[in-house]
Amino acid sequence: MKTLLKQLGPGLLFAGAAIGVSHLVQSTRSGADYGFGLVWVLVLIHIIKYPFFQYGPRYAAATGTSLLEGYFNLNKAVLVTYFIINLLTIFTIQTAVTVVTAGIASYVFPVDLSLTTWSVLITTLCTALLLLGKYNLLDSLMKFIIITLTISTLIAVGIASYKPHQTIDFVQVLPTDAAGVAFLIAFMGWMPAPLDISIWHSLWSLEKAKEGKLTRKSAIFDFNIGFLGTIIVGTCFIALGALVMHNTGVQFSASSSSFAKQLIDLYTSSLGNWAFYIIGIAAFTTMFSTTLTTLDASPRVMSKTVELIWGRTIKGSYTIWLVILILGTGCILFLLTSEMGTLIEIATILSFLTAPFFAIANYCVMNGKNVPLEDRPSKFLNAFSILSIILLIAFSIWYLTTL
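Below you will find a few notes about this structure. Bear in mind that the values here come from a model prediction, so they are computed numbers and not experimental data. (Residues numbered from 1 in each chain as written. Predicted model: local features only at pLDDT ≥ 70, side-chain atom pairs only at ≥ 80, totals over all residues. Heavy atoms only, no water.)

1. Quick notes on the overall build of the protein chain
Across its full length, the protein chain holds 16 helices and zero strands. A compact globule built from 403 residues would reach a C-alpha radius of gyration of about 22 Å, and the protein chain, at 20 Å, matches this within 12%. Per-residue burial for the protein chain yields a buried fraction of 57% across its 403 residues. Contacts spanning at least 24 positions in sequence make up 86% of the contacts within the protein chain whose residues lie at least 6 apart. Accessible surface for the protein chain amounts to roughly 16,400 Å². Of this, 68% is attributable to carbon and sulfur atoms. Distance between charge centres in the protein chain, computed from 22 positive and 17 negative side chains, equals 11 Å. (Helix = DSSP H or I, 4+ residues; strand = E, 2+ residues; numbered from the N terminus. Rg over C-alpha atoms; globule rule 2.2 N^0.38 Å. Buried < 20%, exposed > 50% of the residue type's maximum accessible area, 1.4 Å probe, protein only. Contact = heavy atoms within 4.5 Å. Areas by Shrake-Rupley, 256 points an atom, 1.4 Å probe, with all protein chains shown as cover. Lys, Arg positive; Asp, Glu negative; His and termini not counted. Charge placed at Lys NZ, Arg CZ, Asp CG, Glu CD.)

So, in C-alpha cells, the structure goes:
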C-alpha cells in the first residue's frame, strides 16, 4: 500500500479537483430530484470525457512538456483562446468552490463566524499550504484527503441504503423541460470536472516527474485510479440524494450556508444525529480538496500560459497569479455570496459549452508531430475521441436550442 501510494500523485490531485461541486452539490441534487434516474448521465459523461482527460498526463509523459506547450505548438491563437476562456472563468469557479466549502465549515465546526470570515480563513490556509509546502505537500495531503473522503462517503451510503426512506427505483429518465435540460447540462459541465483540468493534470505530472522517470504506463495508471475514484464517489452522492432526499419536497437554498445546513440536516434526520460528523467530514473534505487544488492549479496554468505567449520567463509569476486569483475571488465573494446557486450554474454551463474546444485541442495535440508515434492514441482511441467530440457538440447544440 505504501509503495502504491508513493507511485500515485497527479491522478489523486485530479480526483481532488474533480470531486467537489459536481459531486456534493450537483450529484446530490440529481439524486434528490430524479432518484437514480440520471445515473446514465454520470456514466455517459465520464465515458465521453475520458480520452481528453487521459491526454493530459499522457502528453506530459510522451513529450516532457504540458498541454500548454502543445496548444502553443498547434497555433498561438489556440493558447490565446484558452487564456481568454480561463480568465473569464477562474474567479467564478474559485469563488463557487470556496463559498460552498465555507458554508459547510460554518455548520460543521462549532465556531460562530460569518460566511465571509470562513471563506477568508479557508483561502488563507490553502494559500499557506501552497506557498510553504508547494507540490510535495499538496501531493501528500491529497492522498490523506481522498482516502478520508472515499471511506466516509462509502460509510454514509452503506448506512443510508440499510434503511432507505422509500422504495429504490433504478428507472432512468431524460429531462425534456427547459429547467431539466439546463440542470442536465450543468450536471455534465462539471462531471467529473471541466475538461481544462486535463491541462492542470499535465502540469502536475511534470512536477511528479521531478521525483523520478515519468512513463506513459505509470501516468495512465495513476490517472485511471483517480478517474475511477470520481465515478465511485459521484455514484455515491447520487445514491445519498436518492436514498435520503428523493420525494421529500425539499427545495435547496441558493445560499451556501443554508444549503450546507439543509444537506447535513436531511441526512441526520434520516440516519440519526450520530451520522452528523460522518456526513460533515465527507462534505467538508470533498470541498476543501477542490478549493485547495483549484487554488494551486489556476495560478500555475495562467503563469505558464503568459510566459509562453510573451516568450519569456517571469520571475514569481505563480505567486503573482495566486494573488490576482485571491483578490478577484474576494471581490466576487463580498458582492455575490448570496448568489451561490446562480454562480455555480453559470460556471458549470460555461464549462460544458467550452468542452468541445478543449476536446478538439487535446485530440489534435496528442496526434501532433512532436508526439512519438508509439505514444500517440491508437486507431480505436482516436475514433472514440472523434465520436466523443461529436457528442459534446451535439449536447451543446441541444442545450442552446432549448433556451
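2. Quick word on the packing of aromatic side chains
The final tally for this structure, using the stated rule, is 22 aromatic pairs. Look at Y82 and F358: their rings are 5.8 Å apart centre to centre, the planes differ by 80°, and that puts the pair in the edge-to-face class. One end of the pair, Y82, is in helix 6 (residues 76-108); the other, F358, is in helix 15 (residues 355-366), with 276 residues separating them in the sequence. Judged by relative accessible area, which is 0%, Y82 ranks as buried. (Phe/Tyr/Trp six-rings, centres within 6.5 Å; stacked < 30°, edge-to-face > 60°.)

3. Let's talk about the nonpolar core
Counting 124 residues, the largest nonpolar core has Y71, Y82, I104, I199, W200 and L392 as its most contacted members. It is helix 6 that provides the largest number of residues to this core, a total of 16 residues. With residues near it in sequence (within four places) discarded, Y71 still touches V78, L79, Y82, I199, F358, A361, N362 and V365. (Core = buried A, V, L, I, M, F, W, Y, C linked by side-chain atoms within 4.5 Å.)

4. Some points on a nonpolar patch on the surface
There is a patch of nonpolar side chains on the surface, built from F109, V111, L113 and L121 and spanning about 300 Å² of accessible area. Residue position: L113 is located in the loop between helix 6 and helix 7 (115-162). (Patch = residues over 30% accessible without salt bridge, like charges linked within 9 Å, V, L, I, M, F, W, Y side chains within 5 Å. Salt bridge = Lys/Arg side-chain N within 4 Å of Asp/Glu carboxyl O.)

5. Digging into helix 16 (residues 379-402)
Taking 1.5 Å per residue, 24 residues should reach 34 Å; helix 16 reaches 35 Å between its end C-alpha atoms and fits that length. Buried within helix 16 we find L381, N382, S385, S388, I389, L392, F395, S396 and Y399. (Expected span 1.5 Å × (residues − 1).)

6. Re the packing of helix 2 (residues 10-18) against helix 7
It is the contact of helix 2 with helix 7, at a shortest axis distance of 9 Å, that shows an interaxial angle of 65°. Every pair of crossing elements has a handedness; the one defined by helix 2 and helix 7 is left-handed. On the side of helix 2, the interface is formed by P10, L12, L13, A15 and G16, while helix 7 contributes Y135, L138, D139, M142, K143 and I146. When its residues are assigned to classes, the contact of helix 2 with helix 7 shows eight nonpolar, one polar and two charged. (Axes fitted to C-alpha atoms, helices over the stretch in contact; angles between N-to-C directions. Left-handed = near helix turned anticlockwise from the far one by under 90°. Nonpolar A, V, L, I, M, F, W, Y, C, P; charged D, E, K, R; others polar.)

7. Description of the side chain of S119
With respect to the helices and strands, S119 occurs in helix 7. Setting aside chain neighbours within four positions, we find S119 in contact with T98, V99, A102 and L333.

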